[in-house]
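Each chain, letter by letter, is given below.
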Amino acid sequence: MKLADYKATLSFSNGSPAVDMPIYQGNIGPDVIDIRKLYAQTGKFTYDPGFLSTAACQSTITYIDGDKGELLYRGYPIEQLATNCDFLETCHLLLYGDLPNAAQKVDFTSRVTNHTMVNEQMQFFLRGFRRDAHPMAIMTGLVGALSAFYHDSTDVHNAEHRDISAIRLIAKMPTLVAMAYKYSVGQPFIYPKNDLSYAGNFMRMMFATPCEDYKVNEVIERAMDRIFILHADHEQNASTSTVRLCGSSGTNPFAAIAAGVACLWGPAHGGANEACLEMLEDIQRMGGVSKVGEFMEKVKDKNSGVKLMGFGHRVYKNYDPRAKLMQETCNEVLTALGLENDPLFKLAKELEKIALEDDYFVQRKLYPNVDFYSGIVQRAIGIPVKLFTGIFALARTVGWIAQLNEMIGDPEYKIGRPRQLFTGSVKRDVMPIAKR
Ligand code: SDX
């Protein structure tokens, strides 16, 4: 970051001395006011719950232009990556800063492929869960449990440990998500197969059985790989900020990523794809497209607490570019599977059309986000609804690790420790219980 040729001056109407604060500029995006010395200079904190106006770090990984609806991974537009690259190339880009050449791609793919198995003891963790446990509950447990197996690579301050942990997590997430699914349907776990692609391997671990192997369908394999690319990273979203804050204590990468899995589960964040599909199925059950108007009235009624899941975004105030690509993937998969008349897809497109013409949504700049179509395409592929967020976590793991490693690699980083505006009881004495 570079020092701007202008500064911010904070003045107070009560005569307190004004303070000057430096302004820094990135390569693109808003400038930042450096308030690190504000408390020391004024005895005051800034107040920004939800971090609407706060840059928590500097980063070189992902940039979103919310007004234009643009998303760049290390400068490359998501549309170009989703069209010209595969997920492992995107992982290499996010982790190391550039797309791999042919030789680097072979090496990186081989490193990931050779870490896809998990320790045989992991299956005993699963046995502790009820068969109907939510896959995200299982994943939160399993990912954290990985740190129990890799004492040789849990020192985040060791660059080699950070690199091997990244490879292990990227490689093992598909295996763990597939194990969580197999456990829920009472089928035996399927081991990874090293001659398959990353996405093909995942699909086979999900749907093969000892009695019948799974033949990877190329359209579905490509769609799965693109879904991974679209979910790989997204600046300082809630789960990435969780991973950074958790990792800032120096905890091991597996524990920090487990915290990200837990945060992603929320319906306002990664859980929205599951919530969106359930919302579409509810409307379908009520009568489908004919009931959209009634549903939208509920959404616009603040007291209903009903939101149009898969719509809206803290940063995008225009169409989420991932939603466009996801809709395209939806079209491709549904057509390839002869499901182009899928009622939920038609319902989703009708909902989108009505919302984008409705003043409530236009005024608030609410557009479809990545979660609006992802559920439909995953459902068409055969992924159960409860597993949608697990797939999001699988894909976002590379972004979480890249962001964690960037933070730990920054000599300026400190443990995160926000302050507060205290509005509770001031000091008071404990009274004997007889007098309370
Ligand atoms: C992801 O941060 C990321 O980058 C996240 C993510 C990633 O890749 O990591 O992109 C992934 O989490 C995508 C978002 C998935 N969540 C959903 O689809 C759930 C539905 N969306 C909303 O909950 C909401 O839009 C958020 C949480 C996504 C954003 O919320 P904000 O930025 O805090 O905005 P807000 O709630 O203050 O909304 C502004 C206004 C409010 O109305 P008013 O108070 O101004 O009258 O818009 C309304 C909200 O009530 N609003 C919605 C709405 N989203 C916002 N009204 C109806 N339906 C919605 N979906």
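Provided above is the structure to which this section pertains.
Here the structure is a predicted model, which is why all the values come from computation and not from measurement.

1. As for the packing of helix 10 (residues 238-247) against helix 11 (residues 253-264)
Part 1 of the argument: Across the interface, helix 10 lies against helix 11 with an axial gap of 8 Å and an inter-helix angle of 150°. If you check the angle between helix 10 and helix 11, you find them roughly antiparallel. When you trace helix 10 past helix 11, the crossing you get is right-handed. Contacts between helix 10 and helix 11 involve A238, S239, T242, V243, C246 and G247 from the first element and A255, A256, I257, A259, G260, C263 and L264 from the second.

2. So, the pattern of salt bridges
Part 1 of the argument: The final tally for this structure, using the stated rule, is 24 salt bridges.
Part 2 of the argument: Linking D65 and K68 is a salt bridge whose minimum nitrogen-to-oxygen distance equals 3.9 Å.
Part 3 of the argument: The shortest N-O distance in the salt bridge between E294 and K291 comes to 3.4 Å.
Part 4 of the argument: On the basis of relative accessible area, K291 is assigned to the partly exposed category, the value being 28%.
Part 5 of the argument: Among the charged side chains, a network of salt bridges with common partners joins D34, R36 and E412.

3. Let's talk about the site of the ligand
Part 1 of the argument: Near the ligand, the surroundings consist of 24 residues, among which H234, H313, R314, R322 and R396 are the closest.
Part 2 of the argument: K302 has a polar side-chain atom sitting 3.1 Å from an oxygen atom of the ligand.
Part 3 of the argument: About the coverage of the ligand: the protein hides 76% of its 1,000 Å² of free accessible area.
Part 4 of the argument: Of the residues that constitute the shell around the ligand, the class distribution is ten nonpolar, seven polar and seven charged.

4. Description of the nonpolar core
Part 1 of the argument: Core analysis: the biggest nonpolar cluster contains 121 residues, and F202, M224, F228, M279, L308, L351 and I381 have the highest contact counts within it.
Part 2 of the argument: Not counting residues up to four positions away in its chain, the partners in contact with F228 are F87, Y198, A199, F202, I391, L394 and A395.
Part 3 of the argument: One finds A4, A8, M21 and L38 within the second-largest nonpolar core, a separate group that totals six residues.

5. Some remarks on the side chain of H161
Part 1 of the argument: With respect to the helices, strands and loops of the structure, H161 is situated in helix 7 (residues 159-184).
Part 2 of the argument: Relative accessible area serves as the criterion here: at 18%, H161 is assigned to the buried category.
Part 3 of the argument: Engagement of the side chain of H161 in a polar contact is seen with the backbone oxygen of D152, the distance being 3.0 Å.
Part 4 of the argument: Other than its neighbours up to four places away in sequence, H161 contacts D152, S153, T154 and D155.

6. Comments concerning the packing of helix 6 (residues 135-145) against helix 11
Part 1 of the argument: With their axes 8 Å apart at the nearest point, helix 6 and helix 11 run at an angle of 170° to one another. Comparing the axis directions of helix 6 and helix 11 gives the class roughly antiparallel. Listed contacts from helix 11 to M136, M139, T140, V143 and G144 of helix 6 are F254, I257, A258, V261 and A262.
Part 2 of the argument: Of the residues that constitute the contact of helix 6 with helix 11, the class distribution is eight nonpolar, two polar and no charged.

7. Quick look at the environment of G26
Part 1 of the argument: Among the structural elements, G26 can be located in the loop between strand 2 (19-25) and strand 3 (32-33).
Part 2 of the argument: By relative accessible area, G26 is classed as partly exposed at 34%.
Part 3 of the argument: Counting along the chain gives 236 residues from G26 to A262, while the straight-line C-alpha distance between them is 31 Å.

8. Focus on the environment of S304
Part 1 of the argument: You can see S304 is positioned in the loop between helix 13 (292-300) and helix 14 (321-336).
Part 2 of the argument: Taking the relative accessible area as the measure of exposure, S304 reaches 28% and is therefore partly exposed.
Part 3 of the argument: S304 sits 229 residues away from G75 along the chain, and the two C-alpha atoms are 41 Å apart.
Part 4 of the argument: For S304, the residues in contact, after removing those within four places along its chain, are K298 and V299.
Part 5 of the argument: A distance of 2.8 Å separates the side chain of S304 from the backbone oxygen of D301, its partner in a polar contact.
Part 6 of the argument: At 3.0 Å, the side chain of S304 forms a polar contact with the backbone nitrogen of V306.

9. Re the sheet that holds strand 6 (residues 76-77)
Part 1 of the argument: Spatially, three strands are ordered 4-5-6 in an open sheet, and the strand pairing comes out antiparallel. In the strand order of this sheet, the two ends are held by strand 4 (62-65) and strand 6, each with one partner.
Part 2 of the argument: Note that strand 5 (residues 70-73) and strand 6 share two bridges and pair antiparallel. Residue L72 lies in a different strand from strand 6, and its bridge partner there is P77.

10. Comments concerning the packing of aromatic side chains
Part 1 of the argument: Summed over the entire model, instances satisfying the criterion amount to 16 aromatic pairs.
Part 2 of the argument: Residues F345 and Y373 carry aromatic rings whose centres are separated by 5.9 Å and whose planes lie at 75° to one another, so their mutual orientation is edge-to-face. With F345 in helix 15 (residues 343-357) and Y373 in helix 17 (residues 371-381), the pair connects residues that are 28 residues apart, well separated along the chain.
Part 3 of the argument: On the basis of relative accessibility, which here comes to 1%, the residue F345 falls in the buried class.
Part 4 of the argument: On the basis of an interplanar angle of 80° and a centroid distance of 4.9 Å, the ring pair of F372 and Y373 is categorised as edge-to-face.
Part 5 of the argument: Among the aromatic residues, those joined into a ring-pair cluster are F311, F345, Y360, F361, F372 and Y373.
Part 6 of the argument: The ring centre of Y360 lies 3.8 Å from the NZ or CZ of R364, which sits over that ring.

11. Observations regarding unusual backbone geometry
Part 1 of the argument: Phi angles above zero are rare outside glycine, and R74 is one such case at about 50°.
Part 2 of the argument: Counting through the fold element by element, R74 comes out in the loop between strand 5 and strand 6.
Part 3 of the argument: Unlike most non-glycine residues, E235 shows phi in positive territory, near 60°.

Quick notes on the rules
- Residues numbered from 1 in each chain as written.
- Predicted model: local features only at pLDDT ≥ 70, side-chain atom pairs only at ≥ 80, totals over all residues.
- Heavy atoms only, no water.
- Axes fitted to C-alpha atoms, helices over the stretch in contact; angles between N-to-C directions.
- Helix = DSSP H or I, 4+ residues; strand = E, 2+ residues; numbered from the N terminus.
- Parallel < 35°, antiparallel > 145°, perpendicular 65-115°, else oblique.
- Left-handed = near helix turned anticlockwise from the far one by under 90°.
- Contact = heavy atoms within 4.5 Å.
- Salt bridge = Lys/Arg side-chain N within 4 Å of Asp/Glu carboxyl O.
- Buried < 20%, exposed > 50% of the residue type's maximum accessible area, 1.4 Å probe, protein only.
- Near = heavy atom within 4 Å.
- Polar contact = N/O pair within 3.5 Å; in protein donor to acceptor, adjacent residues only side chain to side chain.
- Areas by Shrake-Rupley, 256 points an atom, 1.4 Å probe, with all protein chains shown as cover.
- Nonpolar A, V, L, I, M, F, W, Y, C, P; charged D, E, K, R; others polar.
- Core = buried A, V, L, I, M, F, W, Y, C linked by side-chain atoms within 4.5 Å.
- Pairing = 2+ DSSP bridges.
- Phe/Tyr/Trp six-rings, centres within 6.5 Å; stacked < 30°, edge-to-face > 60°.
- Lys NZ or Arg CZ within 6 Å of the ring centre and 35° of its normal.

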